[in-house]
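Structural description and commentary
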Amino acid sequence: MKDRLLAHLQALVGTRHPHTSRNKLQQVEGYVSQQLRRPGVTVQLHPFRALGETYHNVVATLAVHKPGTPLIVAAHFDTVAESPGADDNASGLAVLLEVARLIQTQALARPVRLIAFNLEEENLLGSLAYVSDLGRKGEEIFGAIVLECVGYARSEPDSQQRPARMPVEVPSVGDFLAVVGNEASQGLVAAVTSSGSRAVPPLKIIPLVVPARGEQLPDTRRSDHAAFWDHGHPAVMLTDTANFRNPHYHRPTDTIETLNLTFLGHVTLAVTAAVRNLTAQAT
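Residues numbered from 1 in each chain as written. Predicted model: local features only at pLDDT ≥ 70, side-chain atom pairs only at ≥ 80, totals over all residues. Heavy atoms only, no water.

Right, let's talk about empty space enclosed by the protein for a bit. Per the counting criterion, the structure on display carries 2 cavities of 30 Å³ or more. Along the wall of the largest cavity there are 22 residues; nearest its centre are Pro163, Ala178, Val180, Thr239 and Thr241. Within the residue set of the lining of the largest cavity, elements represented by two or more residues are strand E6 (176-182), strand E7 (204-210) and strand E8 (235-239). Take the lining of the largest cavity: its biggest share by element is 3 residues, from E6. Among the residues making up the lining of the largest cavity, the classes are represented as 13 nonpolar, 5 polar and 4 charged. Here the second largest cavity is characterised by a volume of approximately 40 Å³. Lining of the second largest cavity is provided by Leu177, Val179, Val192, Gly196, Ile205, Leu238, Ala270 and Val271. The set of elements that each furnish at least two residues to the lining of the second largest cavity consists of E6, helix H5 (186-199) and helix H7 (261-278). Across the lining of the second largest cavity, the residue classes tally to 7 nonpolar, 1 polar and no charged. (1 Å grid on protein atoms, 1.4 Å probe; cavity = no way out; pocket = protein on both sides within 12 Å on 5 of 7 lines; lining within 4 Å. Points joined across faces, edges and corners; volume = space filled by probe spheres on them. Helix = DSSP H or I, 4+ residues; strand = E, 2+ residues; numbered from the N terminus. Nonpolar A, V, L, I, M, F, W, Y, C, P; charged D, E, K, R; others polar.)

Given below as structure tokens:
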């Protein structure tokens, strides 16, 4: 698994920005689309207008024999300017692509959509466009699992900072995965946490449920899950806590060499277990 994750990272890493590196942004869009194409999977580009141009989210749907509300697993593929974006967010994309491979032969009782969102770093423009389209179509979802910076872990004392006003105890060692949801997503938080903990005992998982849509804790809204929260859909963010642990966040030094591939592999197995359990039977 480490070799496959590393291969994805090597293909993905590089500044992917709509103004400073549009070619790389489009190249990664193509790579993700190609990697998600496999038997039983329908891949479509979801176009939306933003910044005066047309951009795309990549949406792959795994076929099922009966309809149901879909489970979404997502990660964004753009970066800030001048950052190669290994942790933010090639790590999330690599996990998404490996989860797609691991669940491809599973008998699903509900649809699964694997989505690579564009322009997350531009105020969530891609996910907001997608969720708005769900509303226009009157389409409900079962929930969304959003992967946001999931490849950086440290074992040194005091390697983890605590965000302001955090209502739960935060360890001082940065070797855990946080699962963040709002009140409407409590069931999804519990399901993802329990599935991951059972499947991957070495992975420390800390759940957090925030009031309403997280307005009182803005650091918990910093990814595409917030677009789902704001439209009333259950969603969770899985994260290594980004700048509260990773000194390379949004910097030119956010490179593959800084990532922990063992941690990334554990996250992959935890997400795969959560998807399998959440799609074992439709409700």
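So, about the pattern of salt bridges. Side-chain pairing between opposite charges can occur once the charged atoms of the two side chains come close. This structure, assessed with the given rule, holds 9 salt bridges. A salt bridge links Glu156 to Arg154, with the nearest nitrogen and oxygen atoms 3.3 Å apart. When the shortest N-O distance is used, the salt bridge between Arg221 and Asp230 registers 2.9 Å. Overall, the relative accessible area of 29% leaves Asp230 in the partly exposed class. Salt bridges sharing common partners tie together Arg4, Glu98 and Arg101. (Salt bridge = Lys/Arg side-chain N within 4 Å of Asp/Glu carboxyl O. Buried < 20%, exposed > 50% of the residue type's maximum accessible area, 1.4 Å probe, protein only.)

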